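Structural overview
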Amino acid sequence: MLFLFVVNIFVYSFDKSNSEKQLKAREVINSALNNYSGCISYQVIQQFLNVATQKFVTPLTIKDCHRYITDVLGPLCEIFSSIDLYKSALEIKEGWRYSFYDSLIISAALSANCNILFSGDLQHNQKIQDLTILNPFTRP
């Protein structure tokens, strides 16, 4: 079973103001890395680096970004930009009424044959084709 992650999972892993979400995000990421059970798209890397270098209370340095790409983001990145990915995202946007960028993430998850898309922002428990969106921060 593969899991695709959206950028907020990675952002929360650095969020010292919310230790519960930080711990859960780190658990999800470490599990994906250790069990080879997760993947991300190029878009997650772009969005994370933008947030990490501009919006963190203490922005990551370029050196820290390089290290994080090498150790975490790079090993998880499996989906890259393509015309088919954009076309699929447009269909998802039209059919499910998500923003284009959220639709692009969903399209990436579908193209990676993921069963689960972890997101703290998208609708929890929503099913799109064979994909289920789960919020890992929601309590059972």
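To keep things clear, this report deals only with the structure shown in the data block. (Residues numbered from 1 in each chain as written. Predicted model: local features only at pLDDT ≥ 70, side-chain atom pairs only at ≥ 80, totals over all residues. Heavy atoms only, no water.)

1. As for the overall build of the chain
- Helix and strand counts for the chain stand at six helices and six strands.
- Listing the helices and strands of the chain from first to last along the sequence gives β-α-α-β-α-α-β-α-α-β-β-β.
- For the chain, whose C-alpha radius of gyration is 14 Å, the value lies close to the compact-globule estimate of 14 Å for 140 residues.
- C-alpha extents for the chain along the principal axes are approximately 40 × 35 × 25 Å.
- Nonlocal contacts in the chain, meaning residues at least 24 apart in sequence, comprise 58% of its contacts between residues at least 6 apart.
- In the structure as shown, the chain presents an accessible area of about 8000 Å², 52% of it carried by carbon and sulfur atoms.
- Put simply, the chain has 12 plus and 12 minus side-chain charges, and the middle of one group is 6 Å from the middle of the other. (Helix = DSSP H or I, 4+ residues; strand = E, 2+ residues; numbered from the N terminus. Rg over C-alpha atoms; globule rule 2.2 N^0.38 Å. Contact = heavy atoms within 4.5 Å. Areas by Shrake-Rupley, 256 points an atom, 1.4 Å probe, with all protein chains shown as cover. Lys, Arg positive; Asp, Glu negative; His and termini not counted. Charge placed at Lys NZ, Arg CZ, Asp CG, Glu CD.)

2. With respect to helix α5 (residues 83-96)
- For α5, which comprises 14 residues, the first-to-last C-alpha distance of 20 Å matches the rise-based estimate of 20 Å (1.5 Å per residue) to within 8%.
- Every buried residue of α5 is accounted for by Leu 85, Ala 89 and Ile 92. Projected down its long axis, α5 shows its buried positions confined to an angular sector of 65°, all on one face. The exposed set on the far side of α5, more than 90 degrees from its buried face, consists of Ile 83, Asp 84, Lys 87, Glu 91, Glu 94 and Gly 95.
- Check the buried side of α5 and you find it contacts α3 (42-54), β3 (77-79) and α6 (100-111).
- Note on α5: the residue one or two positions beyond its end, Arg 97, has a positive phi of about 65°. (Expected span 1.5 Å × (residues − 1). Buried < 20%, exposed > 50% of the residue type's maximum accessible area, 1.4 Å probe, protein only. Arc of directions from axis to C-beta.)

3. Focus on the nonpolar core
- One finds Phe 5, Ile 9, Phe 10, Ile 40, Phe 48, Ile 106 and Leu 117 to be the most contacted residues of the largest nonpolar core, which totals 50 residues.
- For Phe 48, the contacting residues outside a window of four places in its chain are Val 7, Phe 10, Val 11, Phe 14, Phe 56, Leu 60, Tyr 68 and Leu 73. (Core = buried A, V, L, I, M, F, W, Y, C linked by side-chain atoms within 4.5 Å.)

4. With respect to the sheet that holds strand β2 (residues 38-41)
- If you walk across this open sheet you meet the six strands as β3-β2-β1-β4-β6-β5, and the pairing is mixed. Whereas interior strands pair on both sides, the edge strands pair on one side only; in this sheet they are β3 and β5 (127-128).
- Here two bridges tie strand β1 (residues 3-5) to β2, and the two strands are oriented parallel to one another. Across the sheet, the residue bridging to Leu 4 is Cys 39, located in β2.
- Sitting on the sheet, helix α4 (residues 62-76) touches β2 and β3, and the angle it makes with β3 is about 25°. (Pairing = 2+ DSSP bridges. Axes fitted to C-alpha atoms, helices over the stretch in contact; angles between N-to-C directions.)

5. Some words on the pattern of salt bridges
- On inspection of all chains with the given rule, the structure shows one salt bridge.
- The closest approach of N and O atoms between Arg 67 and Asp 64, which form a salt bridge, is 3.1 Å. Remark: Asp 64 and Arg 67 occur in helix α4; sequence separation between them is three residues, near one turn of the helix.
- For Asp 64, a relative accessible area of 27% translates into the label partly exposed. (Salt bridge = Lys/Arg side-chain N within 4 Å of Asp/Glu carboxyl O.)

6. A look at the environment of Val 72
- Position of Val 72 among the secondary structure elements: in helix α4.
- The class for Val 72 is buried, based on a relative accessible area of 11%.
- Considering only alpha carbons, one finds Val 72 and Ala 25, 47 residues apart in sequence, at a separation of 13 Å.
- Once residues lying within four places of it in the same chain are set aside, the contact partners of Val 72 are Phe 10, Ile 29 and Leu 33.

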